[in-house]
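One-letter residues, chain by chain:
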Amino acid sequence: MLRHLPENYTAIVTGAGGGIGHAMIDTLLDDPRLGRLHAVSRNTIERDDPRLRSVRADITDERGLDALTQSLAGEPVHLVFNAIGTLHDEARGIQPEKRLEDLSFDALVHLFHVNAATPIMLIKALSPSLKGSHPALVASLSARVGSIGDNGLGGWYAYRASKAAHNMLLHTAAVELKRLNRQAIVLSLHPGTTDTGLSEPFQARVPEGKLFTPQFVAERLIAVMDERTIEDSGSFWDWAGQPIAW
């Protein structure tokens, strides 16, 4: 799998403590071609595998990003998979908005910070390890509701807009990284509705057969990444390998 990457490739998974991030770690550790895996989370990630390095860091701020870059010590990175994102936050009183009256500055700022600013700041922090002539694949979780062209239902203002911003920021980064590393591929990925804490309050509305396990999603997203070429850099794909309209 991940034929674009070399033998003994170095990978980073952020949001490693969440459902999809956790499953992605397990899937990558099953790959005998993996050289080293940096699992980034607020909590220690434990696996009985010498290739895994747990990085305790909150990368939604500069200190966490500094901790990650220090752990890399300048080594080239071949795969970055970002699984950090938020939809609701009980402690902050944030829920998806159903109408304009539900909008708040606090929710908009928080979701834009986590869903849009954090992924692009991650790429900025890792850019010295992505530059060069080595194969590099950067993938970050987006959401179909972030598609402006696909929005026929409305609602969920902050989440939709933050994911649309995420997509623009990654597309823009893809343009620059193409100049810095001709083998770089940058992708926005929609995982489908996954059985995690993010979707739990809304699972009753999910059609039968459309609520996926994290392990299924991790395997499908790797397959989708494996099918992409340099010409696909800066594009938006779903778990089934279908392109999504901006």
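Here the structure is a predicted model, which is why all the values come from computation and not from measurement.

Draft legend 1. Spatial organisation of helix α2 (residues 62–72). All of the buried residues in α2 are Gly64, Leu65, Leu68, Ser71 and Leu72. Looking straight down α2, one finds that the buried residues subtend no more than 125 degrees of arc, so they occupy a single side. The outward face of α2, more than 90 degrees from its buried face, is lined by the exposed residues Arg63 and Gln70. In this structure, the buried side of α2 is in contact with β1 (9–14), β2 (34–41), β3 (52–56) and α3 (105–130). Its side-chain oxygen placed 3.2 Å from the backbone nitrogen of arginine 63, aspartate 61 serves as the N-cap of α2. Directly after α2, the chain includes alanine 73, whose backbone phi takes a positive value near 55 degrees.

Draft legend 2. Up close: the side chain of threonine 10. Structurally, the position occupied by threonine 10 is in strand β1. Relative accessible area serves as the criterion here: at 6%, threonine 10 is assigned to the buried category. Ignoring any residue separated from it by four or fewer positions in sequence, one finds threonine 10 in contact with Arg36, His38, Glu75, Pro76, Val77, His78 and Leu79.

Draft legend 3. Spotlight on the nonpolar core. Judged by nonpolar contacts, the single largest core of 35 residues is most densely connected at Leu28, Phe81 and Met225. Aside from chain neighbours lying at most four places away, what touches leucine 28 is Met1, Leu2, Tyr9, Ala11, Val13, Leu34, Leu37, Leu79 and Ile222. Counting 24 residues, the second-largest nonpolar core is a separate cluster that includes Val40, Val114, Leu122 and Val138.

Draft legend 4. Geometry of the packing of aromatic side chains. Applying the stated criterion to the full structure yields five aromatic pairs. When the centroid spacing of 5.0 Å and the interplanar angle of 45 degrees are considered together, the rings of phenylalanine 212 and phenylalanine 216 count as tilted. Three or more aromatic residues joined by ring pairs make a cluster, and in this case those are Phe212, Phe216 and Trp239. Here the basic side chain of arginine 228 rests over the ring of tryptophan 237, its NZ or CZ set 3.6 Å away from the ring centre.

Draft legend 5. Molecular detail of the sheet that holds strand β4 (residues 79–82). Taken together, the seven strands give an open sheet; going across it, the order is β3-β2-β1-β4-β5-β6-β7, and neighbouring strands pair in parallel fashion. Pairing within the sheet leaves two strands with one partner each, and these edge strands are β3 and β7 (235–238). On average, each strand axis in the sheet is tilted by 20 degrees relative to the strand beside it, whichever way the strands run. Strand direction decides the pairing type here: strand β6 (residues 184–190) and β7, joined by four bridges, are parallel. Within the sheet, the bridge partner assigned to serine 188 lies in β7 and is phenylalanine 236.

Draft legend 6. Highlighting the pattern of salt bridges. All chains considered together, the criterion is met by 13 salt bridges. In this structure, aspartate 226 and arginine 3 form a salt bridge, with 3.3 Å as the shortest nitrogen-oxygen distance. Residue aspartate 226 is found in helix α5 (residues 214–227), and its partner arginine 3 is found in the segment before β1; the two are separated by 223 residues along the sequence. The exposure class assigned to arginine 3 is exposed, which follows from its relative accessible area of 64%. Across the pair aspartate 238 and arginine 144 runs a salt bridge whose closest N-O atoms are separated by 2.8 Å. Here aspartate 238 is found in strand β7, whereas its partner arginine 144 is found in the loop between β5 (136–141) and α4 (157–180), with 94 residues between them in sequence. Using a relative accessible area of 7% as the deciding quantity, one classes aspartate 238 as buried. Classification of arginine 144 by relative accessible area gives partly exposed; the value is 29%. Here the salt bridges do not stand alone but share partners, grouping Glu7, Asp31 and Arg33 into one network.

Draft legend 7. Structural context of the packing of α2 against α3. For the pair α2 and α3, the least separation of the axes is 10 Å and the interaxial angle reads 20 degrees. In this view, α2 runs roughly parallel relative to α3, as classed from their interaxial angle. Along this stretch, α2 crosses α3, giving a crossing that reads as right-handed. Contacts between α2 and α3 pair Glu62, Leu65, Leu68, Thr69 and Leu72 from the former with Met121, Leu122, Ala125, Leu126 and Ser129 from the latter. Within the contact of α2 with α3, the residues separate by chemical class into seven nonpolar, two polar and one charged.

Draft legend 8. Quick look at a nonpolar patch on the surface. A cluster of nonpolar residues, Leu100, Leu103 and Tyr157, forms a patch on the protein surface that exposes about 260 Å² of accessible area. In this structure, leucine 103 sits in the loop between β4 and α3.

Cut-offs used in this document
Residues numbered from 1 in each chain as written. Predicted model: local features only at pLDDT ≥ 70, side-chain atom pairs only at ≥ 80, totals over all residues. Heavy atoms only, no water. Buried < 20%, exposed > 50% of the residue type's maximum accessible area, 1.4 Å probe, protein only. Helix = DSSP H or I, 4+ residues; strand = E, 2+ residues; numbered from the N terminus. Arc of directions from axis to C-beta. Contact = heavy atoms within 4.5 Å. Polar contact = N/O pair within 3.5 Å; in protein donor to acceptor, adjacent residues only side chain to side chain. Core = buried A, V, L, I, M, F, W, Y, C linked by side-chain atoms within 4.5 Å. Phe/Tyr/Trp six-rings, centres within 6.5 Å; stacked < 30°, edge-to-face > 60°. Lys NZ or Arg CZ within 6 Å of the ring centre and 35° of its normal. Pairing = 2+ DSSP bridges. Axes fitted to C-alpha atoms, helices over the stretch in contact; angles between N-to-C directions. Salt bridge = Lys/Arg side-chain N within 4 Å of Asp/Glu carboxyl O. Parallel < 35°, antiparallel > 145°, perpendicular 65-115°, else oblique. Left-handed = near helix turned anticlockwise from the far one by under 90°. Nonpolar A, V, L, I, M, F, W, Y, C, P; charged D, E, K, R; others polar. Patch = residues over 30% accessible without salt bridge, like charges linked within 9 Å, V, L, I, M, F, W, Y side chains within 5 Å. Areas by Shrake-Rupley, 256 points an atom, 1.4 Å probe, with all protein chains shown as cover.

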